[in-house]
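So you can see what is in the structure, the chains are spelled out below.
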Amino acid sequence: MSSESAQIGTPFWLLAELTYQCPLHCPYCSNPVNMDAENAEIDTQQWLKVLSDAREMGAVQLGFSGGEPLMRKDLETLVKHASELGFYTNLITSGIGLTEKRIKALKEAGLDHVQLSFQAANAEENDLIGNKRHSFEQKQKVARLIKKYDYPMVLNFCITAQNIAQMPDVMDLSCELQADFVELATVQYYGWAYENREHLLPTKQQLTTAETYVNQFRDGQEGQGPKFIFVTPDYYEVRPKACMNGWGTTFLTVTPDGTCLPCHSAKILPLTFPNVKEQSVQDIWHNDFSFNHFRGDDWMPSPCKDCDEKHIDFGGCRCQAFMLTGDMYKTDPVCSKSPDHHLIQSAIANAGESTDKPLRYRVLKKDKIPVKTV
Amino acid sequence: MSLKMNPLYRLQYEKAQNGHVLLFPEGMVKLSESAAEILLQVDGERTETDIKSALRDKFPDAPEDMEQDIDEFLSHAKEKNWVLDE
Ligand code: SF4
Ligand code: SF4
């Protein structure tokens, strides 16, 4: 066990996944693919306690996400409590269901910032990708409301092979909507995105073209307008990302049923994760087996164990290692030193090839959306 | 010209960090003690000169080059967009 050699930090970032319910059905959604098996959601009182406990421990950034957090009627209550505790509160939303009345109530409750996600820069593509009609129109309306109520606004565009060619439109739209920050995030392959990887992974050529465009656009901005952040998929890197800034060091995710995770995708791992219904957040963060499991470097396999970069990337992402190799203790295959790196290389080699695997839209059992072949 | 904080950023004392921080969408910058002292003076009304004399009053024994440090930090803060000219 590595708990002694590892320094246990503060869960500076709390991600509150309030619900898995969502009116959209994005095929790259990072929610677990087996959501139907989820238990009931924890109630308002339980969330209020999670917020108080985490703040007491030093958490300061708080993200309300989901699913679609607006599906929870008590969102305003939770925001108000969080804001009184001194959290910086971020609402991470698709914008569907964000009426003027609610945006005003959230402002009064003390919400600090709204991050609005777009599926594409035009109605046709956006609504196709999210599998819902008129959502694009609705999002633009919401973006204007966010500015009207004086929130800092971050737009998040999920970039995939399906929409990467529209970078110019995406950037123009961001300027028009007066975003403060814009994340052009090529999707990472977890949850539904992993299922749909053959459809979503852009080619190297597509990425280079997009990145060149972004850089040129930025050069022409002269410090004006939105700040654009381009996130490339780690499949095209030779070193893994320092996933979650190190397991159990900075991030704490609480899922709709109260399960605590060191990373929002960790539920796929063959570990038993603790629940706030049974233990306090403090106890979980400091003492739980799963949180201690990958702290420090005693767990590391070779080549990480003897690598002089192990304190830079911590051996990469445990979920990615597990998804690709079936073994969560392995070196992240993104690393060129990993014996499994060929798995990444072959996925890249197949990018842009046509596939007869159908595209799976994110669904809960009750949504009854047919699986479509594109 | 008076200086104001960019409303995108929030200055706050954090017990767990043992000092002041700047919070913004999904991020945080930890400030040194002197940086915090300077930003705490930025209130939308004071000018750079006002801020320097307020800090001189507060820290009469500070080294001579304090004013120069304040200038440097404020231009850094403007470059970062933390502070805006009113
Ligand atoms: S990625 Fe799409 S489907 Fe998943 S929660 Fe967000 S908006 Fe809903
Ligand atoms: S071998 Fe492990 S520690 Fe070294 S760079 Fe690769 S993933 Fe990181």
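Given the structure is predicted, the values throughout are model-derived calculations rather than measurements.

**Some words on the interface of chain A and chain B**
Facing 18 residues of chain A, the contacting portion of chain B comprises 12 residues. Roughly 1300 Å² of surface becomes buried between chain A and chain B when both sides are summed, with 56% attributable to carbon and sulfur atoms. If you look at where chain A meets chain B, you find two salt bridges. We note a salt bridge from Glu14 of chain B to Arg55 of chain A, for which the minimum N-O separation is 2.7 Å. Between the two partners, chain A and chain B, sit eight residue pairs in polar contact (both at pLDDT 80 or more). Of the residues contributing to the side of chain A that touches chain B, the split by class is eight nonpolar, six polar and four charged.

**Some details on helix α1 (residues 44-56) of chain A**
Three- or four-residue spacings in an α-helix give side chains the same orientation, since the helix completes a turn every 3.6 residues. Along its 13 residues, α1 of chain A runs 18 Å from first to last C-alpha, staying within 8% of the 18 Å computed at 1.5 Å per residue. Here α1 of chain A has its buried residues at Trp47, Leu48, Val50, Leu51, Asp53, Ala54 and Arg55 of chain A. For α1 of chain A, the secondary structure elements touched by its buried residues are β1 (13-17), β2 (61-65), α2 (75-85), β8 (251-254) and α10 (281-287) of chain A together with β2 (10-14) of chain B. With a side-chain oxygen lying 3.2 Å from the backbone nitrogen of Gln45 of chain A, the N-terminal cap of α1 of chain A falls on Asp43 of chain A. Taken from the residues just after α1 of chain A, Gly58 of chain A is the one with a positive phi, measuring 110 degrees.

**As for the sheet that holds strand β3 (residues 88-93) of chain A**
Residues and elements named next belong to chain A. With mixed pairing, the nine strands of this open sheet are ordered in space as β7-β6-β5-β4-β3-β2-β1-β8-β9. Sheet topology places β7 (227-231) and β9 (260-261) at the edges, where each strand pairs with a single neighbour. When strand β5 (residues 153-159) meets strand β6 (residues 181-186), the two strands line up parallel, connected through six bridges. Looking at the pairing, Leu155 lines up with Val182 of β6. Each of β1, β2 and β8 is contacted by α1, which is oriented at about 175 degrees to β1, the strand it contacts most. Relative to the sheet, helix α9 (residues 204-219) contacts β6 and β7, its axis offset from that of β7 by approximately 160 degrees.

**Regarding unusual backbone geometry**
That bond from Gly66 of chain A to Gly67 of chain A is cis: its omega, 15 degrees, falls within 30 degrees of zero. For Gly67 of chain A, the position within the fold is in the loop between β2 and α2. In this chain, Ser302 of chain A is followed by Pro303 of chain A through a cis amide linkage whose omega measures 10 degrees. Mapped onto the elements of the fold, Pro303 of chain A is located in the loop between α11 (289-293) and α12 (310-313). For Asp150 of chain A, which is not glycine, the phi dihedral falls at a positive 65 degrees. Inspection of the secondary structure puts Asp150 of chain A in the loop between α5 (135-148) and β5. Taking the relative accessible area as the measure of exposure, Asp150 of chain A reaches 63% and is therefore exposed. For Glu26 of chain B, which is not glycine, the phi torsion reads 60 degrees and is therefore positive.

**Focus on the nonpolar core**
Ranked by internal contacts, the top residues of the largest apolar core, which has 75 residues, are Leu14, Phe64, Leu106, Leu155, Phe157 and Leu184 of chain A. Residues contacting Leu106 of chain A, with those up to four places away along its chain left out, are Leu70, Leu75, Glu76, Val79, Leu91, Leu98, Leu111 and Tyr151 of chain A. Ranked by size, the runner-up nonpolar core spans 23 residues in total, among them Val154 of chain A together with Leu3, Leu39 and Phe73 of chain B.

**Some points on the side chain of Glu68 of chain A**
Residue and element names in this part refer to chain A. Locating Glu68 in the fold gives a position in the loop between β2 and α2. With no salt bridge to any partner, buried Glu68 finds its closest opposite charge in Arg102, at an N-O distance of 7.1 Å. Here the side chain of Glu68 touches Leu70 through a polar contact of 3.0 Å, landing on its backbone nitrogen. Excluding residues that lie within four positions of it along the chain, Glu68 makes contacts with Thr19, Gln21, Cys22, Pro23, Thr93, Ser94, Gly95 and Ile96.

**Looking at the packing of α2 of chain A against helix α3 (residues 100-109) of chain A**
Residues and elements named next belong to chain A. It is the contact of α2 with α3, at a shortest axis distance of 8 Å, that shows an interaxial angle of 25 degrees. By the angle class used here, α2 and α3 are roughly parallel. As for the relative orientation of α2 and α3, their crossing is right-handed in sense. Contacts between α2 and α3 involve Leu75, Glu76, Val79, Lys80 and Ser83 on the former and, on the latter, Arg102, Ala105, Leu106 and Ala109.

**Focus on the confidence of the model for chain B**
Residues and elements named next belong to chain B. With 100% of its residues at a pLDDT of 70 or more, chain B has an overall mean of 92. The spread of mean pLDDT over the elements of chain B runs between strand β4 (residues 27-30), the lowest at 90, and helix α1 (residues 33-41), the highest at 95. At the level of chain-chain contacts, confidence expressed as ipTM amounts to 0.85, with global pTM at 0.86.

**Observations regarding the side chain of Asn275 of chain A**
Residue and element names in this part refer to chain A. Of note, Asn275 is situated in the loop between β9 and α10. On the basis of relative accessibility, which here comes to 10%, the residue Asn275 falls in the buried class. Polar side-chain contacts of Asn275 include one of 2.8 Å to the backbone nitrogen of Lys277. Contact partners of Asn275, with chain neighbours within four places excluded, come to Asp257, Gly258, Thr259 and Ile284.

**A few points about the sheet that holds β2 of chain B**
Residue and element names in this part refer to chain B. As summarised here, the arrangement of the three strands in space is β2-β3-β4, forming an open sheet in which the pairing is antiparallel. Of all strands in the sheet, those bounded by a partner on one side alone are β2 and β4. Going across the sheet, the axis of each strand differs from the next one's by a mean of 35 degrees, ignoring polarity. Bridge count between strand β3 (residues 19-24) and β4: four bridges; the pairing is antiparallel. Bridge pairing links Phe24 to Gly27 in β4.

What counts and how
- Residues take numbers from 1 onward in each chain, read along the sequence in its written order.
- Following the order in which they are written, the chains are lettered starting with A and the ligands numbered starting with 1.
- Where local features are concerned, this predicted model is filtered to residues with pLDDT of at least 70; where side-chain atom pairs are given and counted, the filter is 80 or more; whole-chain, interface and lining totals use all residues.
- Side-chain descriptors were evaluated using all non-hydrogen atoms of the structure, hydrogens and water having been removed beforehand.
- Whether two residues touch is decided by their heavy atoms; if any such pair falls within 4.5 Å, the residues are in contact.
- Computed with a 1.4 Å rolling probe, the buried area is the accessible surface lost when two parts are put together, summed over both parts.
- Put simply, a salt bridge is a Lys or Arg side-chain nitrogen that is within 4 Å of an Asp or Glu carboxyl oxygen.
- Throughout this description, a polar contact denotes any pair of N or O atoms lying within 3.5 Å of each other; where both atoms belong to protein, one of them has to be capable of donating a hydrogen while the other can accept it, and for residues adjacent in sequence the pair is counted only when both atoms sit in side chains.
- Side-chain classes follow a simple rule in which Ala, Val, Leu, Ile, Met, Phe, Trp, Tyr, Cys and Pro form the nonpolar group, Asp, Glu, Lys and Arg form the charged group, and the remainder, Gly included, forms the polar group.
- By definition, any uninterrupted DSSP run of H or I lasting at least four residues is a helix, any uninterrupted run of E lasting at least two residues is a strand, and each is numbered from the N terminus.
- By this rule, a helix spans an expected 1.5 Å times one less than how many residues it contains.
- Each residue is assigned to one of three classes by its accessible area relative to the maximum for its type, calculated with a 1.4 Å probe on protein chains only: buried under 20%, partly exposed between the two thresholds, exposed over 50%.
- The criterion for strand pairing is that DSSP finds at least two bridges linking the strands in question.
- Each axis is a line fitted through C-alpha atoms, taken for helices only over the stretch in contact, and angles between the N-to-C directions span 0 to 180 degrees.
- For this analysis, a nonpolar core means a set of buried residues of the types Ala, Val, Leu, Ile, Met, Phe, Trp, Tyr and Cys, connected via side-chain atoms within 4.5 Å.
- Counting rule applied: Lys, Arg positive; Asp, Glu negative; His and chain ends not counted.
- When describing relative orientation, an angle under 35 degrees is termed roughly parallel and one over 145 degrees roughly antiparallel, while 65 to 115 degrees is termed roughly perpendicular and anything else oblique.
- In this scheme, a crossing is called left-handed if the near helix is turned counterclockwise away from the far one by less than a right angle; it is called right-handed if the turn is clockwise.
- Every residue carries a pLDDT, the predictor's confidence in it, which falls somewhere between 0 and 100.

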